[in-house]
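Understanding the architecture of this molecule
This is what each chain is made of:
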Amino acid sequence: MKETSVNKYYLSEFSYDDGEYETTFNIIDVDFVNQSITVAITRCGKITQDTFPLLRDKDGKLYFEHGLFYENKIQLDDFDEVN
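Residues numbered from 1 in each chain as written. Predicted model: local features only at pLDDT ≥ 70, side-chain atom pairs only at ≥ 80, totals over all residues. Heavy atoms only, no water.

**Details of the pairing of strand β7 (residues 72-75)**
The condition is simple: Should DSSP find at least two bridges between two strands, the strands are regarded as paired. Numbered from the N terminus, helices here are DSSP runs of H or I no shorter than four residues, and strands are runs of E no shorter than two.
With 4 bridges joining them, strand β6 (residues 62-66) and β7 adopt antiparallel strand pairing. The residue of β7 that forms the bridge with tyrosine 63 is glutamine 75. Linking β6 to β7, which pair antiparallel, is a turn of 5 residues; within it glycine 67 sits at a positive phi near 125°.

The structure is reproduced here in structure tokens:
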């Protein structure tokens, strides 16, 4: 992918509600060469940063897995640009 694709995702935001807490993800970096994504994660007032492997589903859409047992599938297409 082109560098402009990386800029498309930079600081995009996605909120996920697991039924107990709302978790907000902000994309810091997408590395298409190494197939990884780095996100800032805000949950319960705490902010952490983590890097996850970038995966493709059967339709070719990019996602990463998050959660205690990596059970939550977070699609890159679900992220919105923050203005």
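**As for the packing of aromatic side chains**
Where we set the bar: Only the six-membered ring of Trp is used, alongside the rings of Phe and Tyr, when aromatic pairs are assigned; centres must lie within 6.5 Å, and planes under 30 degrees apart are stacked while those over 60 apart are edge-to-face, with the rest tilted. Relative accessibility decides the category of a residue: with a 1.4 Å probe and only protein chains considered, values under 20% of the type maximum give buried, values over 50% give exposed, and everything between is partly exposed.
Across all of its chains, the model carries 4 aromatic pairs by this definition. For the pair phenylalanine 52 and phenylalanine 64, a centre-to-centre distance of 5.1 Å together with 20° between the ring planes defines the contact as stacked. Within this pair, whereas phenylalanine 52 is found in strand β4 (residues 46-53), its partner phenylalanine 64 is found in strand β6, the two being separated by 12 residues in sequence. By relative accessible area, phenylalanine 52 is classed as buried at 5%. A relative accessible area of 0% places phenylalanine 64 in the buried class. Both rings, one in phenylalanine 64 and one in phenylalanine 79, keep their centres 6.5 Å apart while their planes meet at 40°; by these two values the pair is tilted.

**Things to note about the sheet that holds strand β2 (residues 22-31)**
Going by this rule: To get an axis, fit a line to the C-alpha atoms, keeping to the stretch in contact for a helix; angles then go from 0 to 180 degrees between the N-to-C directions.
Spatial ordering of the open sheet is given by β1-β2-β3-β4, a layout of 4 strands whose pairing is antiparallel. Each having just a single partner strand, β1 (13-17) and β4 make up the two edges of the open sheet. Each adjacent strand pair in this sheet contributes to an overall mean axis angle of 30°, direction not counted. Looking at chain direction, strand β3 (residues 36-43) and β4 are connected through 8 bridges and run antiparallel.

**A look at the environment of isoleucine 47**
Cut-off, in case you're wondering: Note on contacts: a residue pair is in contact if any heavy atoms of the two residues lie within 4.5 Å.
Following the sequence through the fold, isoleucine 47 ends up in strand β4. Between the C-alpha atoms of isoleucine 47 and threonine 24, which are 23 residues apart in sequence, the distance is 9.3 Å. Ignoring sequence-local partners within four residues, the contact set of isoleucine 47 consists of Ile41 and Thr42.

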